[in-house]
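Residue-level listing of the chains:
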Amino acid sequence: MKKRIATLLIAVMCVMMLGGCKASNSPKEKNLETSDQVSEKVSDESAVQEENTSQNENDSYYPVTITTYNYNHEKIDVTFDSMPEKVICAYQNNIETMMALGLEDKIVYAFGMDDEIADEFAEAFSKIQYSNERPSKEDAIAIQPDLILGWYSLFADDRLGDVDFWIDRNCNTYMSLNSSAMGSSEEFPRTTEYEYEDIMNIGIIFNCVDKAQAMVDQMKAEETKAAEYAQTIEVPLSVAILEDESGSYRVYGADTLGGDIATKAGAVLAVGSEDGNNISAEDLIAADPDVIFMVYYTGYINEDEAIASIMDNKAFSSLSAVKNKRIYALNLTSIYCSGIRTYEGITNISSALYPELQ
């Protein structure tokens, strides 16, 4: 009997030992990872490491200070202790420049575009909060932005208020230079250099100076190419940049961005060399420019209509530009506070002037 009990005890102990061995092996089996799981873990760890590296770089980069303006056209210095994370972004130039720099995730509210978003930014644009309406001052306060990018007019008392109001609330501001930030166009003619400065300042604010510089360099290269080619032409082309205002024509003259681009490309302004006053049809016929650019924009007149307003008008049949079919359309967004669309303005004007250069 004792022998049978002993035998049973030994059998039970073996079963327990076997069960224990099996239990001790199960965690190891559970922890086995597939190659995909290992790759995913490595990828996650790399992403965390990259994020930490980026954060360290930002920590060492800031603070940075840039110069901008208040509503009295006075220079002010604004300091950024860190990268802005909640940006109210106004108007085409600022919205598209932010996207070109890969900063759409920093935009918490955008508004005020004059044209459809550029195709290359359509996906990024679909992810941001955009409205056709300017927010009220109260709505803007509720957003709690840490940066407002806009034009001079945005900071009027009956809009969002002067920059001091926002800076006192820990929100920096930046005015697009060609939007009258410095003063009138008569005193401060609009130039491509100011557009470049805007792009570079946004690059400085967001620690992406290299990207901003690459965009500016591309634009400058197109300016240089047109200017150098113009030196080979014995007689400069005369141009007029106009906007049809129902019977008279607004002139984009020497003090405008369009005029600046054209003259840098070696053209001579047939009208508007000194001011931007409107001219009559008779004035245009008397000036008889070699090339005419007609300005268009969404909600007013489209590209084809802008060209037809001159080409199909019998009163202008004697114009050299009509006879030679040298009437071209220019999108307003490429020649006014244009941001990255400055490239479009430069290339459209230079290719129209010198089609053989393309």
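A quick note: this is a predicted structure, and the numbers were derived from the prediction, not measured. (Residues numbered from 1 in each chain as written. Predicted model: local features only at pLDDT ≥ 70, side-chain atom pairs only at ≥ 80, totals over all residues. Heavy atoms only, no water.)

Draft legend 1. The overall build of the protein chain, seen in detail. Looking only at helices and strands, one finds 13 helices and 13 strands in the protein chain. When burial is assessed residue by residue, the protein chain has 45% of its 358 residues classed as buried. For the protein chain, contacts bridging at least 24 residues in sequence account for 64% of all contacts bridging at least 6. Carbon and sulfur atoms make up 50% of the accessible area of the protein chain, which amounts to about 19000 Å² in all. (Helix = DSSP H or I, 4+ residues; strand = E, 2+ residues; numbered from the N terminus. Buried < 20%, exposed > 50% of the residue type's maximum accessible area, 1.4 Å probe, protein only. Contact = heavy atoms within 4.5 Å. Areas by Shrake-Rupley, 256 points an atom, 1.4 Å probe, with all protein chains shown as cover.)

Draft legend 2. Highlighting the confidence of the model for the protein chain. Looking at the protein chain, pLDDT values average 88 and 84% of them are 70 or higher. Here residues 1-32 scores under 50 on pLDDT; set against residues more than four positions off or in separate chains, the count is one contact. (pLDDT = per-residue confidence, 0-100.)

Draft legend 3. Looking closely at the pattern of salt bridges. Per the counting criterion, the structure on display carries nine salt bridges. Residue E193 is joined to K264 by a salt bridge in which the shortest nitrogen-to-oxygen separation is 2.5 Å. Here the residue E193 occupies a position in helix 7 (residues 192-205), and K264 occupies one in helix 9 (residues 257-264), the gap between them amounting to 71 residues. For K264, a relative accessible area of 25% gives the class partly exposed. Members of the salt-bridge network, linked through shared partners, are E193, E223, D260 and K264. (Salt bridge = Lys/Arg side-chain N within 4 Å of Asp/Glu carboxyl O.)

Draft legend 4. Representation of the sheet that holds strand 4 (residues 107-111). Taken together, the five strands give an open sheet; going across it, the order is 5-4-3-6-7, and neighbouring strands pair in parallel fashion. One side of each edge strand has no neighbouring strand; the edge strands of this open sheet are strand 5 (130-131) and strand 7 (172-175). Note: strand 4 against strand 5, two bridges, orientation parallel. Following the sheet pairing, A110 is matched in strand 5 by Y130. Each of strand 3 (87-90), strand 4, strand 5 and strand 6 (147-150) is contacted by helix 3 (residues 92-100), which is oriented at about 125° to strand 3, the strand it contacts most. Its contacts with the sheet place helix 7 against strand 6 and strand 7, and it is angled at close to 160° to strand 7. (Pairing = 2+ DSSP bridges. Axes fitted to C-alpha atoms, helices over the stretch in contact; angles between N-to-C directions.)

Draft legend 5. Spotlight on the nonpolar core. Core analysis: the biggest nonpolar cluster contains 82 residues, and M98, F206, F293 and L353 have the highest contact counts within it. Take this core: its biggest share by element is six residues, from helix 8 (residues 209-230). Once residues within four sequence positions are removed from consideration, L353 is found in contact with L237, V239, A262, A265, A267, V291, F293 and R326. Counting 20 residues, the second largest nonpolar core, distinct from the first, contains A240, Y296, I310 and A329. (Core = buried A, V, L, I, M, F, W, Y, C linked by side-chain atoms within 4.5 Å.)

Draft legend 6. How the structure looks around the pairing of strand 1 (residues 64-69). Across six bridges, strand 1 lies against strand 2 (residues 75-80) in antiparallel orientation. Bridged to T68 within strand 2 is I76. The antiparallel hairpin formed by strand 1 and strand 2 contains five residues in its connecting segment, where H73 sits at a positive phi of about 65°.

Draft legend 7. Expanded view of helix 13 (residues 342-353). Taking 1.5 Å of rise per residue, 12 residues should cover 16 Å, and helix 13 covers 17 Å from first to last C-alpha, within 8% of that figure. For helix 13, the full list of buried residues reads T342, G345, I346, T347, I349, S350, A352 and L353. Among the structural elements, helix 7, helix 8, strand 8 (238-244), helix 9, strand 12 (291-296) and strand 13 (327-331) are those in contact with the buried residues of helix 13. (Expected span 1.5 Å × (residues − 1).)

Draft legend 8. Here's a closer look at the pairing of strand 6. Residues L147 and L149 line one face of strand 6 and the alternating positions I148 and G150 line the opposite face, and both faces are buried. The sheet contact formed by strand 6 and strand 7 spans four bridges and is parallel. The residue of strand 7 that forms the bridge with L149 is Y174.

Draft legend 9. Structural context of the packing of helix 7 against helix 9. The interhelical angle for the contact between helix 7 and helix 9, taken along N-to-C directions, is 110°, at an axis separation of 9 Å. The angle between helix 7 and helix 9 falls in the class roughly perpendicular. Residue-level inspection shows T192, E193 and E195 of helix 7 in contact with helix 9, the latter providing L257, D260, I261 and K264. Here the residues of the contact of helix 7 with helix 9 sort into two nonpolar, one polar and four charged. (Parallel < 35°, antiparallel > 145°, perpendicular 65-115°, else oblique. Nonpolar A, V, L, I, M, F, W, Y, C, P; charged D, E, K, R; others polar.)

Draft legend 10. How the structure looks around the packing of aromatic side chains. Tallying each qualifying case throughout the model produces 12 aromatic pairs. Here Y61 and Y62 contribute two aromatic rings whose centre-to-centre distance is 4.8 Å and whose plane-to-plane angle is 85°, an arrangement assigned as edge-to-face. Between F293 and Y328, the ring centres sit 5.9 Å apart and the planes meet at 35°, which makes this aromatic pair tilted. Separated by 35 residues along the polypeptide, F293 in strand 12 and Y328 in strand 13 bring together distant segments of the chain. According to the relative accessible area criterion, F293 is buried, its value standing at 1%. When the ring centre of F165 is taken as origin, the NZ or CZ atom of K137, which lies over that ring, is 3.9 Å away. Its end group placed over the ring of Y252, R250 keeps NZ or CZ at 5.0 Å from the ring centre. (Phe/Tyr/Trp six-rings, centres within 6.5 Å; stacked < 30°, edge-to-face > 60°. Lys NZ or Arg CZ within 6 Å of the ring centre and 35° of its normal.)

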